[in-house]
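# Descriptive structure summary
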Amino acid sequence: MELIRIPRIMQDTCRKHLQKGRTIGLVPTMGALHEGHLSLIRRSRSENDVTAVSIFVNPAQFGPSEDLSRYPRDIEGDTKKIGELEADVLFLPDDRAMYPAGFCTFLDVEKISEKLCGAFRPGHFRGVATVVSKLFNITLPTRAYFGQKDFQQTVVIRRLAKDLNFGTEVVVCPTIREHDGLAMSSRNAYLTAEQRKAATALFRCLTAASQEMLSGTRTAETVREMMQDILAAEPLIAPVEYAGVYDPQTLDPAAEIKGEVLLAVAVRLGNARLIDNMLVNT
Ligand code: PAF
């Protein structure tokens, strides 16, 4: 596996692969890799000639009071995992390489960035859109792989890839869960044993809401209340930032339950902010 730290060298390498007629799959990550990330790498390996994995903890997507400095980092462990999966290139830039002195170009994907998580993390999706655009320009991917756990992120990235004619196919892969349903996330590392138990309420609330809709409930408010009640029964969860039924395209709250809907939830639990979602065909 090739390790590249310099954007220009990464871009030259990727361009040469494309010139030889090879497809490139990009798996953008912030490291602290878990099974969710590894499933994206495996998928990219099965669909592309070349798989590039990037690890960059992007300061532009963290708010001033967020967890940038304590975000889990394990470059050695990550490199080993990526090597074992036989990815071809690891792109590991530092902050200066991605945001050199004088950097002042940012990208805003309007409207959808302001909803759900965007309402609680101002500027977050501006940072995501900016770094993903840079990674697309540097690695020139045929396909790029993202987990459904960050559903709003996938909507934002699909929009920007289309609006800016990147020509990259955005592939959204299923959320990978622990044995008790908790969605895998690098931020689960912040949870104490007690908080970890309470965290199962997210998957329980999504499953119960999905069953409620599949058994005929058509009023979004009823489903939303049910989700809120399940979360409220866990005193360690506070506050619930949002929990409810949404339109998967616009991310607006769904008035009625019809066709495909998105169940989505975001909560604070101790030092962690946890999100999860489920798409349900009603
Ligand atoms: O999902 C993530 O890990 C990050 O938001 C991403 C897409 C790598 C951009 O920094």
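Here goes a summary of the coordinates provided. Starting afresh in each chain, residues are numbered from 1 along the sequence in its written order. In view of the model being predicted, local features appear only for residues whose pLDDT reaches at least 70, and side-chain atom pairs are presented and counted only at 80 or more, with totals across whole chains, interfaces and linings using the full set of residues. In computing side-chain values, all of the structure's heavy atoms are included and hydrogens and water are not.

This paragraph deals with helix α9 (residues 200-214). With 15 residues, α9 extends 21 Å between its outermost C-alpha atoms, agreeing within 8% with the 21 Å of an ideal straight helix rising 1.5 Å per residue. Relative accessible area decides the class of each residue, using a 1.4 Å probe on protein chains only: under 20% of the type maximum gives buried, over 50% gives exposed, and in between gives partly exposed. Counting from the N terminus, the helices are the DSSP runs of H or I reaching at least four residues and the strands are the DSSP runs of E reaching at least two. Along α9, the residues that are buried comprise Thr200, Ala201, Leu202, Cys205, Leu206, Ala208, Ala209, Ser210 and Met213. Glycine 216 sits one or two residues past α9 and shows a positive phi near 120 degrees. One less than the number of residues in a helix, times 1.5 Å, gives the span that helix is expected to have.

A few words on the site of the ligand. Proximity is defined per residue: if any heavy atom of the residue lies within 4 Å of a molecule or strand, that residue is considered near it. The ligand sits among Pro28, Thr29, Met30, Asn58, Gln61, Val131, Phe146 and Gln153. In the analysis that follows, any N or O atom pair within 3.5 Å is treated as a polar contact, provided that within protein one partner can donate a hydrogen and the other can accept it, and provided that, for residues neighboring in sequence, both atoms belong to side chains. Glutamine 61 is positioned with one of its side-chain polar atoms (N or O) 2.6 Å from an oxygen atom of the ligand. Contact between the ligand and glutamine 153: an oxygen atom at 2.7 Å from a side-chain N or O atom of the residue. Residues are grouped as follows: Ala, Val, Leu, Ile, Met, Phe, Trp, Tyr, Cys and Pro are nonpolar; Asp, Glu, Lys and Arg are charged; every other residue, Gly included, is polar. Residue classes in the shell around the ligand are distributed as four nonpolar, four polar and no charged.

Mapping leucine 40 onto the fold places it in helix α2 (residues 35-47). By relative accessible area, which is 6% here, leucine 40 ends up buried. For leucine 40 and valine 172, which are 132 residues apart along the polypeptide, the C-alpha to C-alpha distance reads 8.9 Å. Excluding its chain neighbours within four sequence positions, the residues that come into contact with leucine 40 are Val27, Tyr145, Phe146, Gly147 and Cys173. Any two residues having at least one pair of non-hydrogen atoms within 4.5 Å are treated as being in contact.

Turning to the sheet that holds strand β5 (residues 143-147), a few remarks are in order. Two strands qualify as a pair provided DSSP detects at least 2 bridges between them. One open sheet accounts for six strands, arranged β1-β4-β3-β2-β5-β6; its pairing is parallel. Edge positions in the sheet fall to β1 (2-4) and β6 (169-173), since each of these pairs with one other strand and no more. For this sheet, the mean inter-axis angle between neighbouring strands, taken without regard to orientation, is 25 degrees. Across three bridges, the pairing between strand β3 (residues 50-55) and strand β4 (residues 89-91) is parallel. Axis definition: a line fitted to C-alpha atoms, limited for helices to the stretch in contact. Angles are taken between N-to-C directions and run from 0 to 180 degrees.

On to the pairing of strand β2 (residues 24-29). Extensive coverage of β2 is indicated by the burial of six of its six residues. Side chains Ile24, Leu26 and Pro28 project from β2 onto one buried face, and the interleaved Gly25, Val27 and Thr29 project onto a second face that is buried too. Examined bridge by bridge, β2 and β3 share six bridges and lie parallel to one another. Looking across to β3, one finds that isoleucine 24 is bridged to valine 50. Judged from the two bridges that link them, β2 and β5 form a sheet pairing that is parallel. Following the sheet pairing, leucine 26 is matched in β5 by alanine 144.

This part takes up the pattern of salt bridges. We define a salt bridge as a side-chain nitrogen of Lys or Arg found within 4 Å of a carboxyl oxygen belonging to Asp or Glu. Tallied over the entire structure, the rule returns 17 salt bridges. Aspartate 252 is the salt-bridge partner of lysine 115, the closest N and O atoms lying 3.1 Å from each other. With a gap of 137 residues between them, lysine 115 in the loop between α4 (95-98) and α5 (117-120) and aspartate 252 in the loop between β7 (237-246) and β8 (260-269) connect regions that are remote in the sequence. Judged by its relative accessible area of 22%, lysine 115 is partly exposed. The partner of arginine 268 in a salt bridge is glutamate 241, and the shortest N-O contact between them spans 3.1 Å. Taken as a pair, arginine 268 in strand β8 and glutamate 241 in strand β7 lie far apart in primary sequence, 27 residues in all. Each of Arg8, Asp12 and Arg15 takes part in a single network of salt bridges with overlapping partners.

Another point: α2. Spanning 13 residues, α2 covers 18 Å between terminal C-alpha atoms, matching the ideal 18 Å at 1.5 Å per step. Within α2, the full set of buried residues consists of Gly36, His37, Leu38, Ser39, Leu40, Ile41 and Ser44. Lining the buried residues of α2 we find β2, β3, α3 (75-84), β5 and β6.

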